[in-house]
Amino acid sequence: MDAATAEMVKTGFLDSVPFARTLGVTFTDLDHGRAVMRLPDDAAHHNHVGGPHAGAMFTLAESASGAIVIGTFGDQLNRAVPLAVSAEIRYLKLAMGDVTAEAVLGRPREEVVAELDEGRRPEFPVDIELRTDDGTVTGRMTVLWTLRPNKK
């Protein structure tokens, strides 16, 4: 993905997802099949033990997965709507401080687009790792996405 496209996806994503903006989520990196986003430490978003609330971490991870979908399949949005089908998250360790989510597309783009070309409704996972600045993995999430073909 070229820099101009990446910038357009980042701006468009944050413009269309107000809750991510409310939490202060920012992009660190974005390319086809990979997105890295950051949740800054903010006492207003802490839980009862002083780390980021589980809902804030879920939002960070789901946002990174959504950014991949828009960045990777943006050229398909005239004929299909991306929708999250399901999500599963595991909180592994207490996160303290800023948290980074790195999301990776779980299927090749070509396979997903080929299914869409066949008139099918493709599903594909996005796997996300949550970690603190020292590299400690604090959670993992998988979001299953679909591209629902537009009705003709």
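Residues numbered from 1 in each chain as written. Predicted model: local features only at pLDDT ≥ 70, side-chain atom pairs only at ≥ 80, totals over all residues. Heavy atoms only, no water.

Q: Mind laying out the sheet that holds strand β3 (residues 80–91), listing which residues take part and the relevant values?
A: Taken in spatial order, the 6 strands of this open sheet run β1-β2-β4-β5-β6-β3, and their pairing is antiparallel. On the outer flanks of this sheet lie β1 (26–31) and β3, each paired with one strand and no other. Neighbour-to-neighbour, the strand axes of this sheet turn through a mean angle of 20 degrees, independent of strand direction. Taken together, the 11 bridges between β3 and strand β6 (residues 137–149) define a ladder with antiparallel strand orientation. Bridge pairing in β6 links L83 to T146. (Pairing = 2+ DSSP bridges. Helix = DSSP H or I, 4+ residues; strand = E, 2+ residues; numbered from the N terminus. Axes fitted to C-alpha atoms, helices over the stretch in contact; angles between N-to-C directions.)

Q: Residues and numbers for the pattern of salt bridges, please.
A: All told, the structure shown has 13 salt bridges when counted by the stated rule. Taking the shortest distance from any N to any O, the salt bridge between E129 and R131 comes out at 3.0 Å. In this structure E129 comes out as partly exposed when scored by relative accessible area, which is 25%. Across the salt bridge formed by R140 and E129, the nearest N and O atoms sit 3.5 Å from each other. With R140 in strand β6 and E129 in strand β5 (residues 123–132), this pair connects stretches of sequence that are 11 residues apart. A cluster of three or more residues bridged by salt bridges with shared partners is formed by D29, R34, E102, E129, R131 and R140. (Salt bridge = Lys/Arg side-chain N within 4 Å of Asp/Glu carboxyl O. Buried < 20%, exposed > 50% of the residue type's maximum accessible area, 1.4 Å probe, protein only.)

Q: Explain the nonpolar core to me, using residue names and the numbers behind them.
A: Grouped together as the largest cluster of nonpolar side chains are 37 residues, with contacts concentrated most on M37, L60, F73, F124, V126 and I128. With 9 residues, helix α3 (residues 54–73) is the single largest residue contributor to this core. Other than its neighbours up to four places away in sequence, M37 contacts F13, V25, T26, F27, T28, L60, S63, A64, A67, V99, T100 and A101. (Core = buried A, V, L, I, M, F, W, Y, C linked by side-chain atoms within 4.5 Å. Contact = heavy atoms within 4.5 Å.)

Q: Residues and numbers for the pairing of β5, please.
A: Only one face of β5 is covered, namely the one carrying F124, V126, I128, L130 and T132; the face carrying E123, P125, D127, E129 and R131 has none of its residues buried. Pairing between strand β4 (residues 99–105) and β5: 7 bridges, direction antiparallel. Residue pairing for β5: V104 is matched across the bridge by D127. Sheet topology note: the β5/β6 ladder contains 9 bridges and is antiparallel. The residue bridging E129 from the neighbouring strand is R140, located in β6. Between β5 and β6, which follow one another and run antiparallel, lie 4 residues, and G135 among them has a positive phi close to 90 degrees.

Q: Please give an account of the environment of D31 that cites residues and values.
A: With respect to the element layout, D31 can be found in strand β1. Relative accessible area serves as the criterion here: at 34%, D31 is assigned to the partly exposed category.

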